[in-house]
Amino acid sequence: METYTDVLLVTANVGSLFDNVGEIQSEWLQELYKTIHSYKPQFIALHFQEVGGKDYMVNMGHAEKFFWSIESSEEMKDFDRVCIYVDNQFQAEDSFTALGSIYFIHKTLKNICQYDFNVKDFKAVSGKNKYVGSLNGVTTVEKEKFPKNFWPDFKWSRKGFMRTRWIIHNQGLDLVNVHLFHDASNLIACNSSPSIYSANRKNALRYVINRISDNRYTPLPFFLFGDFNFRLDTLSLVQHLSTSADVQTVKKDSSNEVEKIICEEKDNDHQVLLQIEEKIFTYLHQAVFRQDNGKALLKYDKEVADFHDVIREEEIKFPPSYPYSEEYTKPTQYMNTRCPAWCDRILMSHTAQEFIHNSDEDDERSVVYNTVGPNVCMGDHKPVFLFFALKTNDH
């Protein structure tokens, strides 16, 4: 008999929560709990990136408290089994990823097992399992930082992936927490289409997919969710935004290096339409990124297209998830630091999509792909969630 298990997957880059400790955390958690309460899932997977924030050496203690506050909260009391993995060992520079994953299993979900990568077998999940540290030697998780030789020209940062493997009823699946490389400079991102950063992310994502599909373990359907740092094709977008503008390039005095790009309207008192510097992206008509959830700009979101041979994604109907203002009073406004983009995503293998129950929109089991806290300050990234009914069999 076909049965369904309601699943909620959430990805959240939580760096802002620790860089502004206490300021937005309680509202952030309330929005998460509201989402859980709305959909009443039986299985929840929370994938966090940038645990501890930019100043992780100082703030990692706050990160542990954050994880425990979720696990012990009144709102989560009906989830009687929990698995927590926090890579907080920043002293281990060659393996530190700042990734954290929490999995909650509701008391009504009886038939669930987790994979032990050491003995290569599934085991029933019981109680509360907390693993904090480098996670080396923890046999129910596989964690990897991207190799240094990937990016000889860039600062080696805390980016990588972390995988857990599950059987819900008789359906096996991999859940992979991912953090890929960002655009270090808006100016360099404008140099080519696709940008050098986009090419780096492509290499990294292909590496992750190859690693989780290789023959060390039997390949299973997978969900990849995290901060992919996917950006709009900046060069094409800038050309589009500045079609009716005068474009001037300002160079540094001492070298030929570009310092800023300024696009001025041809009339209208030469108002500055767009200004781009290494870490500044100011567009006069910012509303275009929110209007109709930024739908007109989705054609510049091209980075997933290279992976359509192996990956699917539900239709995006929410505005770009980054970079939101970290000011409490401006929850829907973007910062003028980067071009807004759909960085935070939930992707799946073709085989995984086959197990998602698709129904009418009015059905309580319809698939929902959206942001958490659209009208509340959640930090610079809005968390993104996917709710669906997983088709399983009882026998």
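Since this is a predicted model, take the numbers as computed values, not measurements.

## As for helix H6 (residues 234–241)
Listing the buried residues of H6 in full gives Thr234, Ser236, Leu237, Val238 and Leu241. Where H6 is buried, its residues meet helix H4 (186–189), strand E14 (272–277) and strand E15 (280–283).

## Examining the pattern of salt bridges
A full pass over the atoms with the stated rule returns 26 salt bridges. Put simply, Asp214 and Arg211 hold a salt bridge, and the shortest N to O gap is 3.5 Å. Residue Arg211 is classed as partly exposed on the basis of its relative accessible area, which comes to 24%. Salt bridges linked by common partners bring Glu142, Glu144, Arg163, Arg165, Asp174, Arg211, Asp214 and Arg216 together as one network.

## Comments concerning the sheet that holds strand E3 (residues 79–87)
Judged by pairing direction, the sheet is mixed, and its seven strands sit side by side in the order E7-E3-E4-E2-E1-E19-E18 without closing on themselves. Looking at which strands have only one partner, the edges of the open sheet turn out to be strand E7 (128–133) and strand E18 (368–371). The mean inter-strand angle of the sheet, taken between neighbouring strand axes irrespective of direction, is 15 degrees. Relative to E7, E3 is paired through six bridges, and the arrangement is parallel. Counterpart to Ile84 in the pairing with E7 is Lys130. Contacting strand E2 (43–49), E3, strand E4 (100–106) and E7, helix H3 (residues 56–71) crosses the sheet at an angle of about 10 degrees to E4.

## Remarks on the environment of Asn336
With respect to the helices, strands and loops of the structure, Asn336 is situated in the loop between strand E16 (311–312) and strand E17 (344–349). Once the C-alpha coordinates of Asn336 and Thr139 are considered, the two residues, 197 residues apart in sequence, prove to be 43 Å apart. Setting aside chain neighbours within four positions, we find Asn336 in contact with Lys279, Ile280, Phe281, Thr282 and Gln286.

## Concerning the environment of Ile356
Mapping Ile356 onto the fold places it in the loop between helix H7 (350–353) and E18. The spacing of Ile356 and Val86 is 270 residues in sequence and 28 Å in space, taken between C-alpha atoms.

## Focus: the pairing of E3
Each regular strand shows side chains that alternate between the opposite faces of the sheet. When you tally the buried positions in E3, you get eight out of nine residues, the bulk of the element. Pairing between E3 and E4: seven bridges, direction antiparallel. By the bridge assignment for E4, Val86 is matched with Gly100.

## With respect to the side chain of Arg81
As for its placement among the helices and strands, Arg81 is situated in strand E3. Within the structure, Arg81 has its side chain in polar contact with the backbone oxygen of His106 (distance 2.7 Å). Apart from residues no more than four positions distant in its own chain, Arg81 is found in contact with Tyr103, Phe104, Ile105, His106, Lys107, Leu109, Lys110, Ile112, Val125, Ser126 and Gly127.

## Concerning the packing of aromatic side chains
Summed over the entire model, instances satisfying the criterion amount to 30 aromatic pairs. The interplanar angle of 75 degrees and the centroid separation of 6.4 Å between the aromatic rings of Phe90 and Phe96 together place this pair among those described as edge-to-face. Classification of Phe96 by relative accessible area gives buried; the value is 3%. Lying across the ring of Trp68, Lys130 places its NZ or CZ 4.8 Å from the centre. Seen from the ring of Tyr324, Lys382 lies directly overhead, with NZ or CZ sitting 4.6 Å from the centre.

## Some thoughts on unusual backbone geometry
With an omega dihedral of 0 degrees, the bond running from Ser193 to Pro194 counts as a cis peptide bond. Note on placement: Pro194 falls in the loop between H4 and helix H5 (196–213). Each neighbour pair has its own omega, and for Tyr322 with Pro323 the value is 0 degrees, a cis peptide bond. Unlike most non-glycine residues, His169 shows phi in positive territory, near 55 degrees. Structurally, the position occupied by His169 is in the loop between strand E9 (160–168) and strand E10 (171–179).

Cut-offs and rules
- Residues numbered from 1 in each chain as written.
- Predicted model: local features only at pLDDT ≥ 70, side-chain atom pairs only at ≥ 80, totals over all residues.
- Heavy atoms only, no water.
- Buried < 20%, exposed > 50% of the residue type's maximum accessible area, 1.4 Å probe, protein only.
- Helix = DSSP H or I, 4+ residues; strand = E, 2+ residues; numbered from the N terminus.
- Contact = heavy atoms within 4.5 Å.
- Salt bridge = Lys/Arg side-chain N within 4 Å of Asp/Glu carboxyl O.
- Pairing = 2+ DSSP bridges.
- Axes fitted to C-alpha atoms, helices over the stretch in contact; angles between N-to-C directions.
- Polar contact = N/O pair within 3.5 Å; in protein donor to acceptor, adjacent residues only side chain to side chain.
- Phe/Tyr/Trp six-rings, centres within 6.5 Å; stacked < 30°, edge-to-face > 60°.
- Lys NZ or Arg CZ within 6 Å of the ring centre and 35° of its normal.

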